[in-house]
Structures are given as structure tokens and as C-alpha cells.
Amino acid sequence: MEQLQQGNESAFSKLVDEWQDMVYNTAIGIVQNPQDADDITQEVFMQVYQSISSFKGESKFSTWLYRITLSKALDQEKKKKRKKRFAFVQQLFGNQGEELVQSIEFEHPGILMEKKESAQALFKALKQIPDNQRIAFTLHKLEGQSYLEIAEIMNTSLYAVESLMSRAKANLKKQLNKYYSNNNQ
Amino acid sequence: MTQKIKGMNKKENINQQVNEALDSFDGAQRASTSAYLLTRIRARMANEQNSVWEQAGRFIARPWVFALGLFLIIGTNVLLIINNNNAATTSVAEQISTPDELSNTVATLYDFENNEP
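If you're wondering where the values come from, they're calculated on a predicted model, not measured in any experiment. (Residues numbered from 1 in each chain as written. Chains lettered and ligands numbered in written order. Predicted model: local features only at pLDDT ≥ 70, side-chain atom pairs only at ≥ 80, totals over all residues.)

(A) View of the interface of chain B and chain A. Taken together, the 24 residues of chain B in the interface contact 32 residues of chain A. For the side of chain B that touches chain A, the secondary-structure elements that each account for two or more residues are α1 (2-22) and α2 (37-50) of chain B. For the side of chain B that touches chain A, the element with the most residues is α1 of chain B, which contributes eight residues. The residue makeup of the side of chain B that touches chain A, split by class, is 11 nonpolar, eight polar and five charged. (Contact = placed C-beta atoms within 7 Å. Helix = DSSP H or I, 4+ residues; strand = E, 2+ residues; numbered from the N terminus. Nonpolar A, V, L, I, M, F, W, Y, C, P; charged D, E, K, R; others polar.)

See below:
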């Protein structure tokens with residue numbers, strides 16, 4: 001870390017090598033788009049390189065990295081929503097602009113083959129629940145983080161994470177029920 | 001009776017699908033980035049350092065900067081319109097007084113001309 005703070009290039013390349021999959025996997029779980037996740041991963045490491053001197057070691061490095069990744073991923077989502085709204089307005093005024101809908105179903109590359117279909121439904125349902133519940137659920141299920149670690153990343157209490165997880169599961173159940181009821185008709 | 005059983009079966013089926021979906025992330029492996037991430041990061045860093053204009057553009061594109069700019073433009077326009085309205089009221093008053101004077105003058109001239117034998 002000291003070498004990195006002194007601007008050592010090889011220390012930076014080691015860091016990227018060590019943490020890239022963690023950053024990418026977290027980002028792809030949130031934005032559900034490989035290209036966006038790749039962009040976010042690049043931005044995260046750029047920010048790490050630029051602001052490593054501000055990392056005082058008060059929390060674990062992984063916690064700091066998760067925080068940057070999550071904030072970038074949520075920013076990216078907001079940007080995309082803004083773009084969609086703008087494209088919608090453009091279409092109202094007869095301008096074709098960018099294409100509105102990206103309805104391709106997301107497939108996470110790390111999900112087991114036999115679970116891919118169910119996972120697609122779960123990813124769809126995840127888009128419908130509040131951000132903090134989605135973050136807690138994704139960190140726990142896709143990144144294998146414990147509730148305690150999630151509490152540290154989200155800067156909250158263990159009790160709050162437990163509550164977030166139970167609300168996330170209840171909301172996801174509701175969304176999935178709706179999805180499968182419509183699909184089984 | 002048969003319909004009730006069918007309905008229960010459907011509900012059970014949905015419940016099973018929901019539970020399967022909720023457990024579908026179990027055993028998942030981490031997704032990996034495409035190759036040469038470090039090279040792409042370095043290229044992007046070099047690009048960003050070069051383009052001052054991009055940085056300025058990004059600054060202007062920030063929502064609060066954009067909103068402030070818009071507010072200033074609209075505010076200036078509103079002020080100009082209010083000022084113009086005031087000025088317009090004065091000039092209308094002037095316009096009214098001038099024809100009166102003119103008409104007086106014309107009338108006087110007309111009277112004067114009519115007085116001629």
C-alpha cells in the first residue's frame with residue numbers, strides 16, 4: 001500500500017490484478033450489463049490510483065474498494081435512467097435519438113448452467129427493489145460477504161443489515177410471485 | 001373440486017419456482033473482466049489527462065451547474081422582460097400624448113384654414 005501511495009506502477013498493476021474480479025463481479029451484479037460493469041471497473045481503479053493517498057487505513061482496503069464500486073455502479077444506473085428519460089422525451093417530439101429499450105435478458109456469466117433461467121428472473125426482480133436492499137442481497141449472495149462485512153461496507157449496523165436482507169427477500173418473493181403468475185397463465 | 005386441486009397445484013408450482021429463483025445465486029462463481037484491463041485503464045487515464053475540454057464539459061454537465069446556468073438564463077430573461085414592460089408602458093403614454101398634441105395642432109390649422117374667406 002505504501003508503494004502504491006508513492007506512485008509505484010508495478011504496485012498498481014498488482015493491485016488491479018488482485019482485485020479486478022471482485023470489483024467487476026460487484027458492479028455487474030448491480031448494473032446487470034457487462035459493458036457498463038467493465039467501464040465501472042476501469043473508473044474504480046482510476047479513482048483508486050488518484051485518491052490512494054486519501055486512504056488512511058481506517059477501514060479495510062476491500063471495504064473502501066467495495067464502497068467506491070457501489071457508488072460508481074449506482075451513479076452509472078442514474079446516468080442510464082436519465083438517458084432513457086431523455087430518449088423518451090426525444091421520441092415524444094418525433095426525434096428518433098438513441099434506442100429506448102434494452103430488453104435483452106441479463107445472464108451472469110458465473111451462474112451455474114442449470115440455474116440460469118431462475119437467475120434471470122431473480123435479476124429482473126432485483127431491479128424492482130430499493131437500492132440498499134439490492135446492495136445487501138447482491139453482496140451477500142454474489143460476493144459471499146457476511147452480514148458483518150456488509151454492515152461495514154454500507155456503514156451501518158448488523159441489525160440494519162439483517163433487516164435489509166429480510167425485507168429484500170420478502171420484496172423479491174413478491175416480485176417473483178408476480179413474474180411467475182404472469183408467465184404461467 | 002378438480003379446479004380447486006388445479007389451483008393448488010399451480011400455486012405450489014409458483015412457490016417452487018420462486019424458491020428456486022431465490023436460491024439461484026448459490027454456487028455462483030465470480031464473473032471476470034475481459035483481458036487487458038490494466039492496459040485499458042492506463043489508456044483511459046492518459047486520455048483523460050490530455051483532454052481539458054472534456055473535464056470542462058463534465059463540469060458543465062453536472063446537474064447542479066446545469067441547473068444554476070438555466071436558472072441564471074431564465075432569471076435574466078425575466079428581468080429583461082419586466083424592465084421592457086415598464087419602458088413600454090412609458091412609451092405608450094408618450095405615444096398617446098403626441099397624437100393629441102398633433103390632433104390639436106391639425107384642428108387648429110384646419111380651423112385657421114376654414115377661417116379664410
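Moving on from the coordinates now.
(B) Structural detail: the domain arrangement of chain A. Residues and elements named next belong to chain A. When its domains are assigned, chain A resolves into domain 1 (1-102) and domain 2 (105-185). Using C-alpha coordinates to define each centre, domain 1 is positioned 20 Å away from domain 2. Facing 13 residues of domain 1, the contacting portion of domain 2 comprises 10 residues. Among the residues making up the side of domain 1 that touches domain 2, the classes are represented as five nonpolar, seven polar and one charged. (Domains from an automatic or database assignment.)

(C) Just helix α4 (residues 61-92) of chain A, in detail. Residue and element names in this part refer to chain A. Over its 32 residues, α4 runs 47 Å from end to end, which matches the ideal 46 Å to within 8%, given 1.5 Å per residue. For α4, the set of buried residues is Leu 65, Tyr 66, Thr 69, Leu 70, Lys 72 and Ala 73. Contacts made by the buried residues of α4 are with α2 (9-31), α3 (34-51), α6 (131-141) and α7 (147-153). After α4 finishes, the residue Gly 94 shows a positive phi value of roughly 85 degrees. (Expected span 1.5 Å × (residues − 1). Buried ≥ 20, exposed ≤ 12 C-beta atoms within 10 Å, placed from the backbone.)

(D) Spotlight on the nonpolar core. Residues and elements named next belong to chain A. Formed by 43 residues in total, the largest nonpolar core has its most connected members in Ala 27, Val 31, Leu 122, Ala 136 and Leu 176. Looking at this core element by element, the count peaks at eight residues for α2. Once residues lying within four places of it in the same chain are set aside, the contact partners of Ala 27 are Ala 37, Ile 40, Thr 41, Thr 69 and Ala 73. (Core = buried A, V, L, I, M, F, W, Y, C linked by C-beta atoms within 7 Å.)

(E) Representation of the confidence of the model for chain B in the model. All names here are of chain B. Residues of chain B with pLDDT of at least 70 account for 68%, and the chain-wide mean is 78. At the low end of the mean pLDDT range in chain B sits helix α4 (residues 63-114), at 73; at the high end sits α2, at 86. Interface confidence in the predicted complex, given as ipTM, is 0.82; pTM for the same model is 0.73. (pLDDT = per-residue confidence, 0-100.)

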